[in-house]
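# An overview of the molecular structure
In case you want the letters, here they are:
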Amino acid sequence: MIIVMKDGATKEQIQHVLDRIHAVGYKSHPIYGTDKTVIGAIGDERSRANPEQFQTIDGVEDVMRILKPFKLAGKELRKAPSVIDLGDGVKIGEGYFTVMAGPCSVESEKQLLEIAHEVKKCGATVLRGGAFKPRTSPYAFQGLEEEGLKILAKARSETGLKLVTEVIQPKDVELCANYVDILQIGARNTQNFALLREVGKTKKAVLLKRGMATTIQELLMSAEYILSEGNPNVILCERGIRTFETATRNTMDIAAVPVLKKLTHLPVITDPSHAGGSWDLVKPLSKASLSAGADGVIVEVHNKPEEAMSDGAQSLKPSKFADLMQVLKKMAEIEGKKI
Ligand code: PEP
Ligand code: MN
């Protein structure tokens, strides 16, 4: 339920409401505004919490049930768009178009540093690179693991770029969180609820990708797992879904961008590389994403795509990435977004 406090409700009155919420076994998610405090009370729907009881407490103006199943991700409790601040001027959300770029996998220090300097020069603000790779085949390259994380950290200290990397199992969350700024949950783990709960226990930003067969509502329910553990820093990512079409690696659901924007206050980005599966589709799909209202893109860039240990076919060479950034900068200006 949503509890709206009266203008000028005292600290004690607010605290009393929070204590009552906890006493009935719910978690509280207060939003402190300049005049008004609004408190989300979220918990087991079978519990004995009764909105009418809360209505009688001093300082309470109104109590409403939350109708959508995604209570924290939805807009009933929080209307204002969430903007995630990674520090040093790097923000993700409404008003910004954040470009995350880098190789699919961290392969070596030389490879990653070269690419990091290139993408930085072109204007990306976040460096991507997988250290733990979820591969379809157990015989394919699985990533450099902690050595890869150390290489990423070196690239951050040389370039100032923020870092995003994928975490594939709960036991690695703490390790990855020690090295990077954003934890990525990949399409194969969108509904790995143990993993979602574990990243929800950190305060790190989480880039939650849409699974290849998850609906928009299921994606929002996965975000809800992270939010309900107390981590508000979730970024959603449309990366293409499985359809009958075989001409592209996945089908980019471009409508998911405005639909998500309507349903949630969370930032929404897209991954045109994994959606299209081919480097020449990255530019048109990135342009479409910006036009559709996305808050950014995550793009694979490789200095030698023909030698890449994963996803070379969909990786842009640095010169093509430079060209993409030029176009996106012009478009972002028209849309009034900082890039
Ligand atoms: C990736 O980002 O390299 C990746 C594996 O993406 P996805 O989970 O979207 O397939
Ligand atoms: Mn990849």
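Moving on, we get to the domain arrangement of the protein chain. Parsing the protein chain into structural domains produces domain 1 (2-64) and domain 2 (84-335). Taking only C-alpha atoms, the centre of domain 1 and the centre of domain 2 are 36 Å apart.

Now for the packing of helix H3 (residues 109-122) against helix H11 (residues 318-335). For the pair H3 and H11, interaxial distance at closest approach is 9 Å and the crossing angle is 25°. Between H3 and H11, the interaxial angle falls into the category roughly parallel. Crossing handedness for the pair H3 and H11: right-handed. Seen from H3, the contacting residues are Glu118, Val119 and Cys122; seen from H11, they are Pro318, Phe321, Ala322, Met325 and Lys329. A per-class count over the contact of H3 with H11 returns six nonpolar, no polar and two charged.

Attention shifts here to the site of ligand 1. By nearness alone, every residue bordering ligand 1 is listed as Cys104, Arg128, Lys133, Glu166, Gln184, Gly186, Ala187, Arg188, Lys209, Arg239, His274 and Glu300. In this structure, an oxygen atom belonging to ligand 1 sits 2.9 Å away from a side-chain N or O atom of Gln184. Within the backbone of Ala187, one N or O atom sits 2.7 Å away from an oxygen atom of ligand 1. Isolated, ligand 1 exposes 300 Å² of accessible area, and the fraction of that covered by the protein chains is 97%.

With that settled, the discussion passes to the state of the cysteines. Per the stated rule, a full pass over the model turns up zero disulfides. Looking at Cys237, it has no disulfide partner, and the nearest cysteine sulfur is the one in Cys104, 13 Å off. The exposure class assigned to Cys237 is buried, which follows from its relative accessible area of 0%.

Quick look at the sheet that holds strand S4 (residues 60-64) now. Judged by pairing direction, the sheet is antiparallel, and its four strands sit side by side in the order S2-S3-S1-S4 without closing on themselves. Strands with a single pairing partner mark the edges of an open sheet, and in this sheet they are strand S2 (27-32) and S4. The sheet shows a mean angle of 20° between the axes of neighbouring strands, taken without regard to direction. Direction of pairing for S2 relative to strand S3 (residues 37-42): antiparallel, over a ladder of six bridges. Each bridged residue has a counterpart across the sheet, and for His29 the counterpart in S3 is Gly40. On top of the sheet, helix H1 (residues 11-23) reaches strand S1 (2-5), S2, S3 and S4; it is set at about 155° to S2, its chief contact.

Here we come to the nonpolar core. Membership of the largest hydrophobic core comes to 69 residues, with the highest contact counts inside it found for Val119, Leu127, Leu208, Leu236 and Phe321. The element best represented in this core is H11, accounting for seven residues. Those residues in contact with Val119 that sit more than four places away from it in its chain are Ala101, Ala124, Leu127, Leu161, Val301 and Phe321. Of all hydrophobic cores here, the second largest spans 17 residues; its members include Leu18, Tyr26, Ile39 and Ala41.

Once that is clear, we can look at the packing of helix H6 (residues 193-200) against helix H7 (residues 216-228). Relative orientation and spacing of two packed helices are given, respectively, by the angle between their axes and the distance between those axes. Where H6 meets H7, the axes come as close as 7 Å, and the angle between the chain directions of the two elements is 40°. Between H6 and H7, the crossing angle belongs to the class labelled oblique. As H6 packs across H7, the resulting crossing turns out to be right-handed. Counting all contacts with H6, which are made through Phe193, Leu196, Arg197, Val199 and Gly200, the residues of H7 involved are Ser222, Tyr225 and Ile226. When grouped by side-chain class, the residues that make up the contact of H6 with H7 number five nonpolar, two polar and one charged.

Compared with an ideal rise of 1.5 Å per residue, which puts 14 residues at 20 Å, helix H4 (residues 146-159) spans 20 Å between its outermost C-alpha atoms and is within 8% of the ideal. Residues Gly148, Leu149, Ile151, Leu152, Ala155 and Thr159 constitute the buried set of H4. The arc that holds the buried residues of H4, viewed along the axis, is 160°, so those residues lie on one side. For H4, the exposed residues lying more than 90 degrees away from the buried face are Glu147 and Ser157.

Moving on: the packing of aromatic side chains. Applying the stated criterion to the full structure yields one aromatic pair. The interplanar angle of 25° and the centroid separation of 4.5 Å between the aromatic rings of Phe193 and Tyr225 together place this pair among those described as stacked. Separated by 32 residues along the polypeptide, Phe193 in helix H6 and Tyr225 in helix H7 bring together distant segments of the chain. On the basis of relative accessibility, which here comes to 25%, the residue Tyr225 falls in the partly exposed class.

This paragraph deals with the pairing of S3. Among the six residues of S3, six are classified as buried, and the element is accordingly described as predominantly covered. When S1 meets S3, the two strands line up antiparallel, connected through three bridges. Note on S3: the bridge partner recorded for Ile2 is Gly40. Between S2 and S3, which pair antiparallel and follow one another directly, the connecting turn spans four residues.

Reading the values: rules and limits
Here the residue index of a chain counts from 1 through its sequence in written order. A letter from A marks each chain and a number from 1 marks each ligand, given out in the order of writing. The predicted nature of this model means local features are confined to residues of pLDDT at least 70 and side-chain atom pairs, given and counted, to a pLDDT of 80 or more, with totals for whole chains, interfaces and linings taken over all residues. Where side-chain values are given, they derive from all heavy atoms of the structure, hydrogens and water being excluded. The start and end points of each domain follow an automatic or database-based domain assignment. Each axis is a line fitted through C-alpha atoms, and for a helix only the stretch in contact is used; angles between axes span 0 to 180 degrees, taken between their N-to-C directions. The numbering of helices and of strands both runs from the N terminus, where a helix is a DSSP run of H or I of at least 4 residues and a strand a run of E of at least 2. Orientation is classified from the angle alone, with under 35 degrees giving roughly parallel, over 145 giving roughly antiparallel, 65 to 115 giving roughly perpendicular, and any other angle giving oblique. Crossing handedness is defined as follows: a turn of the near helix away from the far one that is anticlockwise and smaller than a right angle gives a left-handed crossing, while the clockwise case is right-handed. The contact criterion used is simple: two residues touch if any of their non-hydrogen atoms lie within 4.5 Å. Put simply, Ala, Val, Leu, Ile, Met, Phe, Trp, Tyr, Cys and Pro go in the nonpolar bin, Asp, Glu, Lys and Arg in the charged bin, and everything else, Gly too, in the polar bin. Nearness is defined per residue: one heavy atom within 4 Å of the molecule or strand is enough. Pairs of N or O atoms are called polar contacts if they sit within 3.5 Å, as long as, within protein, a hydrogen donor faces a hydrogen acceptor (for residues adjacent in sequence, only side-chain-to-side-chain pairs). Method for areas: the Shrake-Rupley scheme with a 1.4 Å probe, in which residue coverage is limited to the protein chains shown. For the purposes of this analysis, a disulfide is any pair of cysteine sulfur atoms at a distance within 2.5 Å. Type-normalised accessible area, obtained with a 1.4 Å probe on protein chains alone, sets the label of each residue: buried when under 20%, exposed when over 50%, and partly exposed for intermediate values. Criterion used throughout: strands pair if DSSP finds at least two bridges between them. Grouping buried Ala, Val, Leu, Ile, Met, Phe, Trp, Tyr and Cys residues that are joined through side-chain atoms within 4.5 Å yields what is termed a nonpolar core. To estimate the expected span of a helix, subtract one from its residue number and multiply by 1.5 Å. An arc is given here, and it is the one of the directions from the helix axis to the C-beta atoms. Here a pair means two rings of Phe, Tyr or Trp (six-membered ring of Trp) with centres within 6.5 Å. Their orientation is stacked below 30 degrees between planes, edge-to-face above 60, and tilted elsewhere.

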